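Chain by chain, the residues run as shown.
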Amino acid sequence: MDEIIKAISADGFVSISVITSRELTEHVRKIHGLSRVTTAALGRTLAAAAIIGEWLKKDGASLTIRIDGGGPAGTIIAVSDNEGNVRGFVRNPNAELPLNEKGKLDVGGAVGNAGTLSVIRDFGEKEPYAGSVELVNGEIAEDFTRYFAESEQIPTACALGVLVGSEGSVLAAGGYIVQLLPGAPDGIIDKVEKNVAETGAVTDVLKDHDPETLLDSVMAGFEPRITERRAVEYRCTCSRERFFKAVRSLPKYEIDDMVRVGEPVEVKCQFCDAVYYFEPDEIAG
């Protein structure tokens, strides 16, 4: 089961959210027909979106992450609700690259680093809150670390990972976001950074252990107390009714053209690949 676990240090100065997301990442790989490298890129983005979206709390609130790095994968979109459930897509799902110099999937090369990471929080009131930063390297975790430092001025460490097997299936996925809270004394960041370095790659931990092991490693010496656990999943909100409204909102000349052609109109959801058909007389009605 995929889940998010939240905890806080005994002194109240460090918070952490850990996610295990193998199942939802494998699901999105299958429905979008992702390559190994785009599976890793979108999987990392979905994990971050789930954690940050779950922070919103307000019912009906949503979070949208957009990564435009200029790489062959194209734009990456991830959307989360306030419970951490996510959906997303990558513009070029079949993009593939050779392994990088470390023998790993070249996520940075696929995403690119000549662009931006944007985070949009929509609480359903007035204008959504939006923040954007230039990408560091397209590896996604480091890019989110910069986002929190520059856009929200919160000292943050972010680690995300997706382990993809030679056959393409997802073996492990997840990550964490750890942040210093107001009033944290000098020296705590050094302890966090030391723990992060000693923990290593998140998939090395998650492939053999549960998320609590990852949490305990990153928070070693801080006596973390778990404050919340929440199951999360890949969840699309599309429906035939929603797409019908979208079709009917098109300019009149486009609707007239659809009716004149006399063939069913096909509409495909970018998030779950569901296909909906609308008959000409239905559109004209």
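Details of the structure are given in the entry above.
Residues numbered from 1 in each chain as written. Predicted model: local features only at pLDDT ≥ 70, side-chain atom pairs only at ≥ 80, totals over all residues. Heavy atoms only, no water.

Novice: Account for helix 4 (residues 141-151), with residues named and values stated.
Specialist: When helix 4 is considered as a whole, its buried residues turn out to be Ala141, Asp143, Phe144, Tyr147, Phe148 and Ser151. For helix 4, the angular spread of buried residues about the axis comes to 160°, placing them on one side. Count one or two residues on from helix 4 and you reach glutamine 153, which has phi positive near 55°. (Buried < 20%, exposed > 50% of the residue type's maximum accessible area, 1.4 Å probe, protein only. Helix = DSSP H or I, 4+ residues; strand = E, 2+ residues; numbered from the N terminus. Arc of directions from axis to C-beta.)

Novice: Go over unusual backbone geometry with me, naming the residues and quoting the values.
Specialist: For isoleucine 140, which is not glycine, the phi dihedral falls at a positive 85°. Examined against the element boundaries, isoleucine 140 turns out to sit in the loop between strand 7 (129-134) and helix 4. Positive phi, normally seen in glycine, also occurs at aspartate 273, with a value near 65°. When you line up the elements, aspartate 273 lands in the loop between strand 11 (265-268) and strand 12 (275-278). Accessibility expressed as a relative area gives 25% for aspartate 273, which makes it partly exposed.

Novice: Before we move on, can you summarise the packing of aromatic side chains with the specific residues and values?
Specialist: Considering all chains together, one arrives at 5 aromatic pairs under this definition. For the ring pair phenylalanine 89 and phenylalanine 271, a centre distance of 5.4 Å and an interplane angle of 65° mean the geometry is edge-to-face. Placement of the pair is phenylalanine 89 in strand 5 (residues 86-90) and phenylalanine 271 in the loop between strand 11 and strand 12, with a sequence separation of 182 residues. Like phenylalanine 271, phenylalanine 89 is buried. A centroid spacing of 5.3 Å and a plane angle of 35° characterise the contact between phenylalanine 243 and tyrosine 276, whose relative ring orientation is tilted. Of the two residues, phenylalanine 243 is situated in helix 8 (residues 240-248) and tyrosine 276 in strand 12; the sequence distance between them amounts to 33 residues. Exposure class is identical for phenylalanine 243 and tyrosine 276. Each is buried. The lysine or arginine in question, arginine 87, covers the ring of phenylalanine 271, its NZ or CZ lying 5.1 Å from the ring centre. (Phe/Tyr/Trp six-rings, centres within 6.5 Å; stacked < 30°, edge-to-face > 60°. Lys NZ or Arg CZ within 6 Å of the ring centre and 35° of its normal.)

Novice: Requested: an account of the side chain of serine 80, with residues and values cited.
Specialist: Relative to the helices and strands, serine 80 resides in strand 4 (residues 76-81). Classification of serine 80 by relative accessible area gives buried; the value is 1%. Dropping the residues within four chain positions of it, serine 80 is found in contact with Ala49, Ala50, Gly53, Glu54, Ala61, Ser62, Leu63, Asn85 and Val86. (Contact = heavy atoms within 4.5 Å.)

Novice: Go over the side chain of asparagine 100 with me, naming the residues and quoting the values.
Specialist: Within the fold, asparagine 100 resides in the loop between strand 5 and helix 3 (107-111). Asparagine 100 gets classed as buried once you look at its relative accessible area, which sits at 19%. Setting aside chain neighbours within four positions, we find asparagine 100 in contact with Leu105 and Asp106.

Novice: Any chance you could break down the layout of surface pockets for me, citing the residues and the numbers?
Specialist: Here the largest pocket is characterised by a volume of approximately 890 Å³. As for the largest pocket, its lining consists of 29 residues, and the residues nearest its centre are Arg44, Lys104, Glu139, Leu160 and Ala201. The set of elements that each furnish at least two residues to the lining of the largest pocket consists of helix 2 (36-54), helix 4, strand 8 (156-164) and helix 6 (202-206). When the residues that make up the lining of the largest pocket are grouped by side-chain class, the tally is 15 nonpolar, 6 polar and 8 charged. (1 Å grid on protein atoms, 1.4 Å probe; cavity = no way out; pocket = protein on both sides within 12 Å on 5 of 7 lines; lining within 4 Å. Points joined across faces, edges and corners; volume = space filled by probe spheres on them. Nonpolar A, V, L, I, M, F, W, Y, C, P; charged D, E, K, R; others polar.)

Novice: I'd like to hear about the pattern of salt bridges, residue by residue, with values.
Specialist: Tallied over the full model, the rule gives 20 salt bridges. Of the charged contacts, one joins lysine 6 and glutamate 228 as a salt bridge, the two residues approaching to 3.7 Å between their closest N and O atoms. Here lysine 6 is found in strand 1 (residues 3-8), whereas its partner glutamate 228 is found in strand 10 (residues 225-231), with 222 residues between them in sequence. Neither lysine 6 nor glutamate 228 differs from the other in exposure class; each is buried. For the salt bridge of glutamate 233 with arginine 235, the shortest nitrogen-to-oxygen distance reads 2.9 Å. On the basis of relative accessible area, arginine 235 is assigned to the partly exposed category, the value being 35%. Members of the salt-bridge network, linked through shared partners, are Lys6, Glu54, Lys57, Glu228 and Arg230. (Salt bridge = Lys/Arg side-chain N within 4 Å of Asp/Glu carboxyl O.)

Novice: Can you lay out the nonpolar core for me, pointing to particular residues and giving the numbers?
Specialist: In terms of nonpolar packing, the biggest core is built from 62 residues, with Leu46, Ile65, Ile67, Leu117, Ile140, Phe144 and Leu160 touching the most fellow members. Counting residues per element, this core draws most heavily on helix 2, which supplies 11 residues. Not counting residues within four places of it along the chain, the set of residues in contact with isoleucine 140 comprises Ala41, Arg44, Thr45, Ile67, Val107, Val111 and Leu160. Counting residues in hydrophobic clusters, the runner-up holds 21 residues, among them Val18, Ala159, Leu180 and Met219. (Core = buried A, V, L, I, M, F, W, Y, C linked by side-chain atoms within 4.5 Å.)

Novice: Give me the lowdown on the packing of helix 1 (residues 22-32) against helix 2, citing residues and values where you can.
Specialist: In the contact formed by helix 1 and helix 2, the axes pass within 10 Å of each other and the chain directions differ by 135°. Our classification of the angle between helix 1 and helix 2 gives oblique. Remark: the crossing between helix 1 and helix 2 carries right-handed chirality. Seen from helix 1, the contacting residues are Leu24, Thr25, Val28, Arg29 and His32; seen from helix 2, they are Thr39, Leu42, Gly43 and Leu46. (Axes fitted to C-alpha atoms, helices over the stretch in contact; angles between N-to-C directions. Parallel < 35°, antiparallel > 145°, perpendicular 65-115°, else oblique. Left-handed = near helix turned anticlockwise from the far one by under 90°.)

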